[in-house]
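# Structure at a glance
Here's the letter readout for the chains.
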Amino acid sequence: MELKSCSNDIVIFFLNSQTDIGPDCCHAIDIITCNYWPAMLTSLGFTVEEGNILRDYYNASSAPSLGGLTVIYQPQKDLGSFCFSSTSQFSVNKCKKSAVSKKIVSVMAPQQSERRPATTGSVKNAMTLTEKIFSRASEKPQLSPGDNVWVNVDILMTHDVCGPGSFGIFKKEFGENAKVWDREKIVIIPDHYIFTSDERANRNVDILRDFCMEQNIKYFYDIKDLGNFKANPDYKGVCHIALAQEGHCRPGEVLLGTDSHTCTAGAFGQFATGIGNTDAGFVLGTGKVLLKVPPTLRFVLDGEMPDYLLAKDLILQIIGEISVAGATYKSMEFVGTTVERLSMEERMTLCNMVVEAGGKNGVVPADGTTFKYLEDKTSLPYEPVYSDEKASFLSEYRFDISKLEPLVAKPHSPDNRALARECKDVKIDRVYIGSCTGGKTEDFLAAAKVFLASGKKVKVPTFLVPATQKVWMDVYTLPVPGSGGKTCSQIFEEAGCDTPASPSCGACLGGPKDTYARMNEPMASCLSLQVCVSTTNRNFPGRMGHKEGQIYLASPYTAAASALTGYVTDPREFLE
Amino acid sequence: MVTASSISFGANSTFTSSSIPKTKPLFNIIPHSLKFTTGNGRAAVTFQRPVSVIPKATSADSRATKEPSRTFHGLCYVVGDNIDTDQIIPAEYLTLVPSNPDEYEKLGSYALIGLPATYTTRFIDENETKTKYKIIIAGGNFGCGSSREHAPVALGAAGCSAVVAESYARIFFRNSVATGEIYPLESEARLCEECSTGDVVTIEMAERRLINHTTGKEYKLKPIGDLGPVIDAGGIFAYARKTGMIASRN
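Calculation rules
Residues numbered from 1 in each chain as written. Chains lettered and ligands numbered in written order. Predicted model: local features only at pLDDT ≥ 70, side-chain atom pairs only at ≥ 80, totals over all residues. Heavy atoms only, no water. Helix = DSSP H or I, 4+ residues; strand = E, 2+ residues; numbered from the N terminus. Contact = heavy atoms within 4.5 Å. Buried < 20%, exposed > 50% of the residue type's maximum accessible area, 1.4 Å probe, protein only. Areas by Shrake-Rupley, 256 points an atom, 1.4 Å probe, with all protein chains shown as cover. Pairing = 2+ DSSP bridges. Expected span 1.5 Å × (residues − 1). Buried area = accessible area lost by both parts, 1.4 Å probe. Salt bridge = Lys/Arg side-chain N within 4 Å of Asp/Glu carboxyl O. Polar contact = N/O pair within 3.5 Å; in protein donor to acceptor, adjacent residues only side chain to side chain. Nonpolar A, V, L, I, M, F, W, Y, C, P; charged D, E, K, R; others polar. Axes fitted to C-alpha atoms, helices over the stretch in contact; angles between N-to-C directions. Parallel < 35°, antiparallel > 145°, perpendicular 65-115°, else oblique. Left-handed = near helix turned anticlockwise from the far one by under 90°. Core = buried A, V, L, I, M, F, W, Y, C linked by side-chain atoms within 4.5 Å. pLDDT = per-residue confidence, 0-100. Disulfide = S-S within 2.5 Å.

## Concerning the overall build of chain A
- The number of helices and strands found in chain A is 20 helices and 17 strands.
- Long-range contacts, defined here as pairs at least 24 residues apart, represent 77% of the contacts in chain A between residues at least 6 apart.

## Looking at the overall build of chain B
- When you go through chain B residue by residue, the secondary structure sums to 7 helices and 11 strands.
- In chain B, which comprises 250 residues, the proportion classed as buried is 50%.
- A separation of at least 24 residues holds for 60% of the contacts in chain B among residues at least 6 apart in sequence.
- Here chain B has roughly 11900 Å² of accessible surface; of this, 52% comes from carbon and sulfur atoms.

## A short note on the pairing of strand 11 (residues 217-220) of chain B
Residues and elements named next belong to chain B.
- Pairing analysis gives 4 bridges linking strand 10 (residues 209-212) to strand 11, with the strands arranged antiparallel. Within strand 11, the position partnered with arginine 209 by the bridge is lysine 220.
- Once strand 10 ends, the chain turns through 4 residues before running back antiparallel as strand 11, passing glycine 216 with a positive phi of about 80°.

## Quick look at helix 7 (residues 163-174) of chain A
- Along its 12 residues, helix 7 of chain A runs 16 Å from first to last C-alpha, staying within 8% of the 16 Å computed at 1.5 Å per residue.
- With 9 of 12 residues buried, helix 7 of chain A lies mostly within the body of the structure.
- Next to the buried residues of helix 7 of chain A lie strand 2 (155-158), strand 3 (186-188), helix 8 (199-215) and helix 10 (277-286) of chain A together with helix 7 (236-242) of chain B.
- Directly after helix 7 of chain A, the chain includes A:Gly175, whose backbone phi takes a positive value near 110°.

## Here's the deal with the interface of chain A and chain B
- On the chain B side, the residues contacting the 53 residues of chain A number 48 residues.
- Taken together, both faces of the contact between chain A and chain B bury some 4100 Å²; the carbon and sulfur share is 54%.
- Looking at the side of chain A facing chain B, the largest losses of area belong to A:Glu173, A:Arg200 and A:Thr278, adding up to 15% of the total buried there.
- Counting every contact that joins chain A to chain B gives 6 salt bridges.
- Between B:Arg241 and A:Glu173 there is a salt bridge, and its shortest N-O distance comes to 3.1 Å.
- There are 21 residue pairs in polar contact (both at pLDDT 80 or more) connecting chain A and chain B.
- For the side of chain A that touches chain B, the secondary-structure elements that each account for two or more residues are strand 1 (148-152), helix 7, helix 8, strand 6 (271-274), helix 10 and strand 7 (288-292) of chain A.
- Top contributing element to the side of chain A that touches chain B by residue count: helix 7 of chain A, with 7 residues.
- Looking at side-chain class alone, the side of chain A that touches chain B contains 21 nonpolar, 17 polar and 15 charged residues.

## Things to note about the packing of helix 7 of chain A against helix 10 of chain A
Residue and element names in this part refer to chain A.
- Helix 10 packs onto helix 7 with a crossing angle of 55° between their chain directions and a minimal axis gap of 8 Å. It follows from the interaxial angle that helix 7 and helix 10 lie oblique. Seen from above, helix 7 lies across helix 10 with right-handed handedness. Mapping the contact onto sequence places Gly165, Ser166, Phe167, Ile169, Phe170 and Phe174 in helix 7 and Asn277, Thr278, Ala280, Gly281, Phe282, Leu284, Gly285 and Thr286 in helix 10.
- Taken together, the residues that form the contact of helix 7 with helix 10 break down as 7 nonpolar, 7 polar and no charged.

## Section: the sheet that holds strand 6 (residues 133-138) of chain B
All names here are of chain B.
- With respect to topology, 7 strands assemble into an open sheet ordered 8-7-6-5-9-10-11, the strand pairing being mixed. The open sheet is flanked by strand 8 (183-186) and strand 11, the only strands paired with a single partner. Sheet twist, expressed as the mean angle between neighbouring strand axes with direction ignored, is 30°.
- Alignment of strand 9 (residues 200-204) against strand 10, held across 4 bridges, turns out to be antiparallel. When the bridges of strand 10 are listed, valine 201 appears paired with asparagine 212.

## Quick look at the sheet that holds strand 12 (residues 407-409) of chain A
Residues and elements named next belong to chain A.
- Taken together, the 6 strands give an open sheet; going across it, the order is 13-12-17-16-14-15, and neighbouring strands pair in mixed fashion. Single-partner strands in this sheet number two, and they are strand 13 (417-419) and strand 15 (462-465). On average, adjacent strands in this sheet sit at an angle of 25° to one another, irrespective of strand direction.
- As defined by bridge partners, strand 16 (residues 531-534) adjoins strand 17 (residues 550-554) across 4 bridges and the pair is classed as parallel. Across the sheet, valine 531 pairs through a bridge with glutamine 550, a residue of strand 17.
- Where helix 11 (residues 311-322) meets the sheet, it contacts strand 12, strand 13, strand 16 and strand 17, and its direction lies at approximately 55° from that of strand 12.
- Across the face of the sheet, helix 19 (residues 556-565) comes into contact with strand 12, strand 14 (430-434), strand 15, strand 16 and strand 17 while running at roughly 150° to strand 14.

## Focus: helix 4 (residues 150-158) of chain B
- Within helix 4 of chain B, 9 of the 9 residues are buried, which leaves it mostly tucked inside the rest of the structure.
- Three or more residues of helix 4 of chain B are buried, namely B:His150, B:Ala151, B:Pro152, B:Val153, B:Ala154, B:Leu155, B:Gly156, B:Ala157 and B:Ala158.
- On its buried side, helix 4 of chain B packs onto helix 10 of chain A together with helix 2 (85-88), helix 3 (101-109), strand 6, strand 7 (162-165) and helix 5 (170-179) of chain B.
- At the exit of helix 4 of chain B stands B:Gly159, carrying a positive phi of roughly 115°.

## Describing the nonpolar core
- Within the largest apolar cluster, 176 residues are counted, with the highest numbers of intra-cluster contacts made by A:Phe334, A:Phe451, A:Phe492, B:Phe123, B:Phe142, B:Leu155 and B:Ile203.
- Those residues in contact with A:Phe492 that sit more than four places away from it in its chain are A:Phe444, A:Ala447, A:Ala448, A:Phe451, A:Leu464, A:Val475 and A:Cys497.

## Focus: the confidence of the model for chain A
- On average, residues of chain A carry a pLDDT of 87, and 79% of them reach 70 or more.
- Taken together, the stretch residues 61-109 of chain A has pLDDT below 50 and engages in 100 contacts with residues farther than four places along the chain or on a different chain.

## Quick notes on the pattern of salt bridges
Residue and element names in this part refer to chain A.
- Counting across every chain of the model gives 44 salt bridges over all chains.
- We note a salt bridge from aspartate 222 to arginine 209, for which the minimum N-O separation is 2.8 Å. Taken together, the residues aspartate 222 in the loop between strand 4 (219-220) and helix 9 (239-245) and arginine 209 in helix 8 connect sequence positions 13 residues apart. Pair check on accessibility: aspartate 222 and arginine 209 agree, each one buried.
- Two residues, aspartate 443 and lysine 440, come together in a salt bridge whose shortest N-O distance is 3.2 Å. Note on accessibility: aspartate 443 and lysine 440 belong to one class, buried.
- The network of salt bridges with common partners includes Asp206, Arg209, Asp222 and Lys224.

## Overview of unusual backbone geometry
All names here are of chain A.
- Between proline 411 and histidine 412 the backbone carries a cis peptide bond, its omega angle lying at -10°.
- Relative to the assigned elements, histidine 412 resides in the loop between strand 12 and strand 13.
- The phi torsion at asparagine 216 lies on the positive side, around 55°, for a residue other than glycine.
- Residue position: asparagine 216 is located in the loop between helix 8 and strand 4.
- On the accessibility criterion, asparagine 216 (45% relative accessible area) is partly exposed.

## Considerations on the state of the cysteines
Residues and elements named next belong to chain A.
- Under the counting rule described, the total for this entry stands at 0 disulfides over all chains.
- Residue cysteine 212 stays outside any disulfide, its sulfur separated by 14 Å from that of cysteine 239, the closest cysteine.
- Unpaired in this structure, cysteine 423 has its nearest cysteine sulfur neighbour in cysteine 532, at a distance of 14 Å.
- Accessibility expressed as a relative area gives 4% for cysteine 423, which makes it buried.

## Regarding the confidence of the model for chain B
Residues and elements named next belong to chain B.
- A residue-level look at chain B finds 72% of positions with pLDDT of 70 or above and a mean pLDDT of 78.
- Strand 6 holds the highest mean pLDDT among the elements of chain B, 98, whereas strand 2 (residues 15-20) holds the lowest, 35.
- Across residues 1-68, confidence stays below pLDDT 50; counting only partners more than four residues off in sequence or on other chains, it has 82 contacts.
- Interface confidence for the predicted complex, given as ipTM, is 0.76, next to a pTM of 0.78.

Laid out in structure tokens, this is it:
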């Protein structure tokens, strides 16, 4: 009813190209703005343009200098941006104070910073971080979990295992001569089966190269000399770590990859998830994907992190709590004081194993730590989003981290959680420190810390596989705190570990038979099966090679401690 | 198989005949042998060769000419919970590129080879490349783990038509729908505890039920859900073309 007082004003404007807005209309705008704006106007039949005219006029009229406004009418293309900023609290008084009669000659939505619904917070329905990313990426101001929407993709990543298949589908569906949707938004990272003599594996890297050359893909981290990884200046290594190190992960964006651990990038406050070849082929051609908006599970981790715990323990705790299907089709949001104090690499470990709980994606809201990390890595602009205070979460889990103890996931499931100290009688045959989960710089620094504290040698073969070239360099150059200037590599050598290997995914997923550190034999002795403590992400049967291999998932601290004793060992044995 | 043909007379009086292919029969039963056994006062019928109601399209043309399969019939293979994609197709076989027809077939020959020794019956017999089990019955969280699309592709290439699981991991479910290789159906009950490998089952999608002929029991299936339109269209590309998201081919 209020608003009808404006109808006349608007009609007169369109008829005469000018009008005066009366006090009734002014008052109406005030009430509507504060309470009912978006839905009401459109439901009353006002177009977005008309709404914007009213709003922008009012904005201009509260400004000190006024006089006649001269603007030109221009229809808004983006229908999503018709929400008011929550900061523009209009008051009736303003209306009454000013001389009400204003002349509008013609009207245009003035140049202003785009009002993204995601950041204004004034949208009628509060949204979670993930929902906001979907909202922006699908250009829908309003959406709810369960909605299926077409989403614009910011980055698509693929590697040597899934790239060839994805390209095959792309060409089949879009044509042999089709071009990718955006040569700068595709990142091709060979990393899975690299240092092997398997001909098909080697051929697959060649297929990546051919496609990249043909499509002029900007980011292709190529490798040609398999005998010496350092001879390949472009080669990086494990895709998820390379994406972060090369600045491809940015808050608020949508990142897809043909790999389940693509969720790692959620550590940057973006939506990141794994897809298959067919979806990837589709994205290659269109830059879009059909996704269902996931509801969000919130994990509040508070408390001071004890110095014998790492992010790996946190995520093992959570997976053990909710099970391997506990987060299926859901987003996992990690907040709390503990999370805020985690480094980027630790946040990556946390988000990395979201898929092990069935999660669609994991997110850590971007903050100072994120921005600092990104400073020297990307110059592309980004806009973080955050869950509204009143957003709905499916469930909330709270953990007091100060009370947690080092954990393992026993064979054969990532949710088979147990205290490390309760497994101290489990004799082991090898330790593997590597992968996107536990092969980053900080993971190796952590392992080195334990070896340093012990001063002894490992009792079992200890395999070290840095995730990327950069991590390898760090292992060989960064001084380990408290060691008097020794590098990780020196400490590892003194402890009797294997020499750090060429960076790649390595044996995390088994791979071709000649993969370094692959578990090829089932038996350790005539009586016992091979047991490995690993900083990787899965321990299903056959994950690292032989079906009967027993894999205990653990943090780098726990893995190093176990290497030193030859049994599954709580790192407090050495760290306290 | 009888094909109708028509004969027309050309201007120069030579016969030309064009055969109009008869519509494929709904039932294409090729029983190898029938065995009647009685046990527990019930007659059981076992077929030695799988019976297929609708011939399954190959991956190559599954997107182009997808016949909506409303019924599946054959032997079932039963697995438990949390069968991850490493068990469905171990990583060492991922060097095979699924979009390459030869490698597609090879991939199929390794389907479910990663199952531990507790599964005494193999999904694909030794020295065979195709499975005799058209339908897989599974527990919860089927297809968890890696996003490898090789997993549903291997199952489809091996000759599996449908999976009836208690629940699915999302990437596997998505990949099954996107590729059109297998129908991912969900049961209301825990069928992995009700059925045994080798049971003869029929799935009627329209009626949303599974009939186990060996035990004589029937079970309800859940509706196909949100991705129904995508499956019906024939996969994500067909759906996108249908809804105008991408241009039609040629």
